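Chain and residue survey
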Amino acid sequence: MLYSPLWKRLLILALCAWGIVASLPNLFYTQVEAHNDATTAIAANAGVATPEQTADLAKWPSFLPSALVNLGLDLRGGAHLLAEVQVADVYAQRIDSLWPDVRDALRDVRDQVGAVRRMPSVPGVLRVSVGNADGMAVAVAKVQALASPVVSLTGVGQKDLEVTTEGQEIVVQLSEPERVATDTRTMQQSLEIIRRRVDAVGTREPTIQREGTDRILIQVPGLGSAAELKAIIGTTAKLTFNTVVGRTTNPAADPGPRNSLLASSDEKDVYYIVADEPVVSGEELTDAQPSFDQNSRPAVSFKFNVSGARKFGEYTSANIGQPFAIVLDDKVISAPTIQSAIQGGSGIITGNFTLEESTNLAVLLRAGALPAKMNFLEERTIGPELGQDSIDAGKKAAVIGVVAVSLFMLASYGLFGLFANIALVINMALIFAVLSSIGGTLTLPGIAGIVLTIGMAVDANVLVYERIREELRVHKTTARAIEIGYERAMSAIVDANITTLITAAVLFFLGAGPVRGFAVTLGIGIITSVFTALLVTRLIISVWFNWRKPSEIVV
Amino acid sequence: MAWRLRLAPEKTNFDFFRHQWLTFGGSVLLMLAAFLFWGTEGLNYGIDFKGGTTLRTDSSQPIDVGAYRQAMNGLPVGDVVITEVFDPSFRADQHVAMIRLSSVEADQAVSETDLAAVKAALTNLDPAIKFVSEETVGPKVSGELVYTSILAMVVTSVGIMLYIWMRFEWQFALGGVLALLHDVFITVGIFAFFQIKFDLTIVAALLTILGYSINDTVVVFDRLRENLVKYKTMPLRDVMNLSVNETLSRTIMTSLTTLLAVGSMMVFGGDVIRGFSFAIFMGVLLGTYSSVYVAKNIVLMIGLDRSEKPKNGKPSDHEFANIDA
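The model shown is predicted, which means the values in this text are computed figures rather than measured ones. Every chain is numbered on its own, with residues counted from 1 as its sequence reads. In the order they appear in the text, chains get letters beginning with A and ligands get numbers beginning with 1. Where local features are concerned, this predicted model is filtered to residues with pLDDT of at least 70; where side-chain atom pairs are given and counted, the filter is 80 or more; whole-chain, interface and lining totals use all residues.

Right, let's get into the overall build of chain B. The secondary structure content of chain B amounts to ten helices and six strands. Within these notes, the globule rule equals 2.2 Å times the number of residues to the 0.38 power, and the radius of gyration is based on C-alpha atoms. Expected size for 325 residues packed as a compact globule is a radius of gyration near 20 Å; at 25 Å, chain B overshoots this value by more than 25%. When its C-alpha atoms are laid out on the principal axes, chain B stretches across 80 × 55 × 30 Å. For every residue, the other C-beta atoms within 10 Å of its own C-beta are counted; 20 or more classify it as buried, 12 or fewer as exposed, and values in between as partly exposed. C-beta atoms are placed from the backbone. For chain B, buried positions account for 44% of its 325 residues. Strands here are runs of E lasting at least two residues and helices are runs of H or I lasting at least four, both read from the DSSP assignment and numbered beginning at the N terminus.

All names here are of chain B. Relative to the helices and strands, Leu32 resides in helix 1 (residues 20–40). Classification of Leu32 by C-beta neighbours within 10 Å gives exposed; the count is 12. Linking Leu32 and Ile186, residues 154 residues apart in sequence, is a C-alpha distance of 8.7 Å.

Here the focus is the sheet that holds strand 14 (residues 298–304) of chain A. All names here are of chain A. For two strands to be treated as a pair, DSSP must find at least two bridges joining them. Taken in spatial order, the three strands line up as 13-14-17 in an open sheet, and their pairing is antiparallel. Among the strands making up the open sheet, the edge pair consists of strand 13 (285–292) and strand 17 (346–350). Each adjacent strand pair in this sheet contributes to an overall mean axis angle of 25°, direction not counted. Across seven bridges, strand 13 lies against strand 14 in antiparallel orientation. The residue of strand 14 that forms the bridge with Gln289 is Ser301. Where helices are involved, their axes are fitted lines through C-alpha atoms of the stretch in contact, as for all axes, and angles between N-to-C directions lie from 0 to 180°.

Moving on, we come to the domain arrangement of chain A. The domain boundaries here were taken from an automatic or database domain assignment. When the domains of chain A are assigned, the result is domain 1 (6–69 + 385–548), domain 2 (88–180) and domain 3 (235–379). Once you take the C-alpha centre of each, domain 2 of chain A and domain 3 of chain A turn out to be 31 Å apart.

With that settled, the discussion passes to the interface of chain B and chain A. By the convention adopted here, residues make contact when the C-beta atoms placed from their backbones lie within 7 Å. On the chain A side, the residues contacting the 57 residues of chain B number 59 residues. Mapped by element, the contributors of at least two residues to the side of chain B that touches chain A are strand 5 (130–137), helix 5 (139–167), helix 7 (200–230), helix 8 (236–268) and helix 9 (274–293) of chain B. With 13 residues, helix 8 of chain B is the largest single contributor of residues to the side of chain B that touches chain A. Residue composition of the side of chain B that touches chain A, by class: 29 nonpolar, 19 polar and nine charged. Looking at chain direction, strand 18 (residues 374–382) of chain A and strand 5 of chain B are connected through five bridges and run antiparallel. For A:Ile382, the partnering residue across the bridge sits in strand 5 of chain B and is B:Ser133. Only Asp, Glu, Lys and Arg are considered charged, only Ala, Val, Leu, Ile, Met, Phe, Trp, Tyr, Cys and Pro nonpolar, and every remaining residue, Gly among them, polar.

By definition, a nonpolar core groups buried Ala, Val, Leu, Ile, Met, Phe, Trp, Tyr and Cys residues that connect through C-beta atoms lying within 7 Å of each other. Core analysis: the largest hydrophobic core is formed by 132 residues, its most contacted members being A:Ala448, A:Val451, A:Leu507, B:Leu206, B:Val262 and B:Ile280. Top contributing element to this core by residue count: helix 12 (residues 384–437) of chain A, with 22 residues. Beyond its immediate sequence surroundings of up to four residues, B:Leu206 is in contact with B:Met153, B:Val184, B:Thr187 and B:Ala279. With 70 residues, the next largest nonpolar core counts A:Val87, A:Ile170, A:Phe302 and A:Leu370 among its residues.

Here helix 14 (residues 478–510) of chain A crosses helix 5 of chain B at 155°, and the two axes come no closer than 9 Å. Taken as axis vectors, helix 14 of chain A and helix 5 of chain B run roughly antiparallel relative to one another. Considering only the axes of helix 14 of chain A and helix 5 of chain B, their crossing is right-handed. Contacts from A:Asp495, A:Ile498, A:Thr499, A:Ile502, A:Thr503, A:Val506, A:Leu507 and A:Leu510 in helix 14 of chain A reach B:Thr148, B:Leu151, B:Ala152, B:Val155, B:Thr156, B:Gly159, B:Ile160, B:Tyr163 and B:Arg167 in helix 5 of chain B. Among the residues forming the contact of helix 14 of chain A with helix 5 of chain B, the class breakdown is ten nonpolar, five polar and two charged. These descriptions rest on fixed angle ranges, namely under 35 degrees for roughly parallel, over 145 for roughly antiparallel, 65 to 115 for roughly perpendicular, and the rest for oblique. Crossing handedness: left-handed means the near helix sits turned counterclockwise from the far one by under a right angle, and right-handed means the same turn made clockwise.

All names here are of chain B. Looking at the assigned domains, one finds that chain B contains domain 1 (20–43 + 142–302) and domain 2 (52–137). Summarising the inter-unit geometry, the C-alpha centres of domain 1 and domain 2 are found 37 Å apart. Contact with domain 1, which involves four residues of that partner, is made by four residues of domain 2. In the side of domain 1 that touches domain 2, the residues fall into one nonpolar, two polar and one charged.

Residue and element names in this part refer to chain A. As paired elements, strand 4 (residues 125–130) and strand 6 (residues 169–174) share five bridges and run antiparallel to each other. Residue Arg127 lies in a different strand from strand 6, and its bridge partner there is Val171. Of the pairings in the sheet, the one linking strand 5 (residues 161–166) to strand 6 comprises six bridges and is antiparallel in character. The partner of Glu166 across the bridge, within strand 6, is Glu169. Following strand 5, the chain reverses through two residues before pairing antiparallel with strand 6; Gly167 in that reversal takes a positive phi of roughly 60°.

Following this line, the structure appears as structure tokens:
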């Protein structure tokens, strides 16, 4: 009667037991979280624990599982940014840095090509006019020789530069495969630098991931606001040390060729004319720390690597008495006069910093400059109070939902309703167990998904029970009716759930953020509910049936 | 016999086609009305789809929408929409408002400095005010979200249609998916009629409706398939009535348990998720209705090939031939 092999029963029981144990930590969320934080803190500190950490560690026994469901930003509160990296900036930088090479290459064949001049053009495109039209072919060949093979899997055998001619002008730009390769590099660098910057601020489990071709999604739970996050990651932090050509108060002053007019960051209406070619740049920094200058004002001390230190030393010894500019993101932070040669490669940047600014600047300099600027397409800040309110409301709704559905099932199917309710509770445990162990994120729509699952989970049981009722009406023996009930209801249950699973899959692949969280809980809920409603209730019924051996049943 | 709550009599024998011009025709009319509201009133798009900024404020002081508006007068912001939010879960002294801002230039998000000015003006008006959430979506993203949402709808419908075609017959697939669209469009129509905020989570809700509603329809179809094999000579219309009657008790039970759960989410789940819960609630109601009154009517209109004669010498390949049941 209703026989199923022992291994199958044991497997079902083991899964249920795992579900209950693995979902348990979520009931004691704050304790387990404190325990987990203490564990990581102690591990990071080479096993040495403070008394508070030991106390936190004792809040949850370590033999029990401690994986928790991650709470989404809408529940925990925090900042969310969607940034678009201006990948084309990098093309422009590459092409600009190409000009000196092109000039030098053409200088070698000056007698054939005549005078060369850089013509104005859109960013990312270099236009060079050639004085002698007959020498065009020679000039193009010379420029083409500057190209090198593309370093990427798809661009094998192709050159990184595309050289064409337009009348008297040679047009140089990056080739298509090189652009793709450059984009990939830019995105990887940006991700890495953002990660370093966010980690330096030290918050819990930030999400930093690439979205599509040129976007980065950054979610930092527990951070006050998106504006704060933007201040950390939105600055390019491109630091250079440049020669000062002049100082002016005229914002429209002509800086002259290969110089730029840059505003001072703290003096109003003061502009510096600085050389475009930097003496040393921030890439050659090995360290930056917040510190104080002789007058105890906040400053940032820095250290160069060997080549940076040499260049800086040579420059300062050759230019004693001259000012030089410290430029950050196209603004002159300060322009001190070189008092003496600075050997050894360390120095200090002073400006009108607050303590917070100097600390931030040090973080930014240590993490390195972003390869390109970013635009922010989406900014969201969710306060922790709102998140907590949502959790509370969600919990309340879920509990009321479970109780109402359970009572309803009990009233409709009596003992069999009770069996379905046991399966429902196990189903809830399994959803949380799976979510915790795959490191899933619970969002507010995700909670709604679970509540919806409560309603739909009993559907499989309703289908089976209704079928058993029908079979009982046509005078089948009780055990046979139960068996046939399960069998015949099967196809409807499978079809119905697979169609819902299709929906969950589409939501997962096309949805973003909280919607994706909903898709995950809905999908998990469908799978676990089929398991509990079919296998678990069947096991309970067969145990009950073999124990009581009822001659007739009422469903 | 132990007492049981019975929502439907043990054996029913309703003719679900008797008033089909009323029920089916009503559905068609409702769909037309939904399109009409959608077209004329339009949907009250949230910033996910329109771009812009929303602020959620929370204060212990009562909210005076007029004063809020006054405070923002003269600030460099475009359209301002202020809605006070009420929810049974709020504390007695908790007053919440949602403020939607768009910049002076259309379709631009409010700049950070302008937003700071707005916040300062409101704090000046009510020192107890707190800004519990702030969201800004740029026009570029919002355009893409519209596209992705429509794509998601289409992909889901096609996926479901293919699956049902595979498991049943193409007539069922068509009937099922048309019934789904009926549920979704009427729900959208309700959102247009009441001007409820339509954002990304509502799209998720509509997709969930697709999943739920087809679930209901499939159960009826499954029984229909079984009965078509069992009663080979009974007219299609009668087999359909029989199938719906046989599954009626289950249909009502499941709808009620789902409505209980979703209803509890709608009442107690907080205002942030209310639109979402409401959409699913309406969808479940409509889905139940459409699986009884819409889906199979379409199958009946198209008609089914129930012949067992081999066509053109080839053995019949439809689902109801050659089944040994």
